[in-house]
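A closer look at the structure
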Amino acid sequence: MQLIQETADLSAYLAADEAIDHQHPVVRETAARLAADAADSYAYARLAYEFVRDAVPHSADTGDPRVTWRASDVLARRTGICHAKAHALAALLRAEDIPTALCYQRLLDGDGHVVHGLVAVRFHGAWHRQDPRGGKPGVDARFSLGAERLAWIPDAARGELDHPVLYAAPHPAVLDALRTAPDRDALGRALPSTL
């Protein structure tokens, strides 16, 4: 799949915003702790990815009803759905000057489709998608700059697809649902099924 930058300006993929608040002390402290164990930016990116994948449980797996969406809250509360985990990973990577985009998939979930959130990192002049979902039996997502190791591969026959756009900020429909949902059950009903 050909990934398409929403904007040609790479600095947009380093910017802080309301959700990817990489200037927040919690994000900065977490990034500094991870960077202390990294020999280079690639090693840091892998450590940040593994931290978000493994140390921030997906709230559906744990039954946590709280909705987090701002990266600093995701890291402080250690919970979030895929979109929240993507915001946290993007913030940690941008905190160390690694261009990071948000990207999405449309996946079948029960009787309907859901929009799944992940990120793409820019290394060696190319974008590489990463899925920090983790924490679920049968999901073997891993950090990779080679062949993708995502949580899911969309099946076109089931109406699933990869959205090719690399967003500099969270998609407005996703962000609105995250910001306004009082709990995870309401969030499940509010998230878009397509973009």
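The structure this text deals with has already been given above.
Conventions used here
- Residues numbered from 1 in each chain as written.
- Predicted model: local features only at pLDDT ≥ 70, side-chain atom pairs only at ≥ 80, totals over all residues.
- Heavy atoms only, no water.
- Helix = DSSP H or I, 4+ residues; strand = E, 2+ residues; numbered from the N terminus.
- Rg over C-alpha atoms; globule rule 2.2 N^0.38 Å.
- Buried < 20%, exposed > 50% of the residue type's maximum accessible area, 1.4 Å probe, protein only.
- Areas by Shrake-Rupley, 256 points an atom, 1.4 Å probe, with all protein chains shown as cover.
- Lys, Arg positive; Asp, Glu negative; His and termini not counted.
- Charge placed at Lys NZ, Arg CZ, Asp CG, Glu CD.
- Core = buried A, V, L, I, M, F, W, Y, C linked by side-chain atoms within 4.5 Å.
- Contact = heavy atoms within 4.5 Å.
- Salt bridge = Lys/Arg side-chain N within 4 Å of Asp/Glu carboxyl O.
- Axes fitted to C-alpha atoms, helices over the stretch in contact; angles between N-to-C directions.
- Parallel < 35°, antiparallel > 145°, perpendicular 65-115°, else oblique.
- Left-handed = near helix turned anticlockwise from the far one by under 90°.
- Nonpolar A, V, L, I, M, F, W, Y, C, P; charged D, E, K, R; others polar.
- Pairing = 2+ DSSP bridges.
- Disulfide = S-S within 2.5 Å.

Our next topic: the overall build of the protein. Each helix and strand counted, the protein has seven helices and six strands in total. Going from N to C terminus, the protein has its helices and strands arranged as β-α-α-α-α-α-β-β-β-β-β-α-α. In terms of overall size, the protein behaves like a compact globule, its C-alpha atoms giving a radius of gyration of 15 Å where 195 residues would be expected to give roughly 16 Å. Across the 195 residues of the protein, 50% fall into the buried class. Roughly 8800 Å² of accessible area belongs to the protein as shown, and the carbon and sulfur atoms make up 49% of that amount. Side-chain charges in the protein split into 21 positive and 26 negative, and the spacing between the mean points of these groups amounts to 3 Å.

For the rest of this paragraph, the subject is the nonpolar core. If you look at the biggest cluster of nonpolar residues, it comprises 50 residues, and the most contacted ones within it are Y44, L92, L93, L102 and L187. Mapped onto this core, the elements with two or more residues apiece are α1 (25-35), α2 (41-55), α4 (71-77), α5 (82-95), β2 (100-109), β3 (112-123), α6 (172-180) and α7 (184-190). Among the elements that take part in this core, α5 stands out by supplying nine residues, more than any other. Sequence-distant contacts of L102, that is, excluding residues within four places in its chain, are made with I20, A86, H87, A90, L118, V119, V165, L166, Y167, A169 and P170.

So, on to the pattern of salt bridges. Oppositely charged side chains can pair when the atoms bearing their charge come close. The full count for this structure, using the stated rule, is 12 salt bridges. For the salt bridge of D54 with R53, the shortest nitrogen-to-oxygen distance reads 2.6 Å. Residue R129 pairs with D162 through a salt bridge whose shortest N-O separation is 2.9 Å. Taken together, the residues R129 in strand β4 (residues 126-130) and D162 in strand β5 (residues 161-162) connect sequence positions 33 residues apart. Under the relative-accessibility criterion, R129 is labelled buried at 4%. Assessed through its relative accessible area of 23%, D162 is described here as partly exposed. A network of salt bridges, in which partner residues are shared, links E18, R70, D73 and R179.

Glancing now at the packing of α2 against α5. Axis separation between α2 and α5 bottoms out at 10 Å; the angle between their running directions is 155°. Of the possible angle classes, the one that applies to α2 and α5 is roughly antiparallel. Here the hand of the crossing between α2 and α5 comes out right-handed. Here Y44, A45, A48, Y49, F51, V52 and R53 of α2 lie close against α5, whose contacting residues are K85, A88, L89, L92 and L93. Broken down by class, the residue content of the contact of α2 with α5 amounts to 10 nonpolar, no polar and two charged.

Between α1 and α5, the shortest axis-to-axis distance is 9 Å and the interhelical angle comes to 65°. In terms of their interaxial angle, α1 and α5 are classed as roughly perpendicular. Of the two possible hands of crossing, α1 and α5 adopt the one that is right-handed. Seen from α1, the contacting residues are V27, R28, T30, A31 and L34; seen from α5, they are A91, L92 and A95. A class-by-class count of the residues in the contact of α1 with α5 yields six nonpolar, one polar and one charged.

As summarised here, the arrangement of the four strands in space is β4-β3-β2-β5, forming an open sheet in which the pairing is antiparallel. The open sheet has two edge strands with one neighbour each: β4 and β5. Summarising the sheet, β2 and β3 pair through 10 bridges and their orientation is antiparallel. Across the sheet, residue C103 finds its bridge partner in β3, namely L118. Lying over the sheet, α5 contacts β2 and β3, oriented at roughly 10° with respect to β3.

Before going further, it helps to spend a moment on the state of the cysteines. For the coordinates displayed, the defined rule picks out zero disulfides. Here C82 stays unpaired: no disulfide links it, and the sulfur of C103, its closest cysteine neighbor, is 11 Å away. Relative accessible area serves as the criterion here: at 8%, C82 is assigned to the buried category. For C103, a relative accessible area of 1% corresponds to the buried category.

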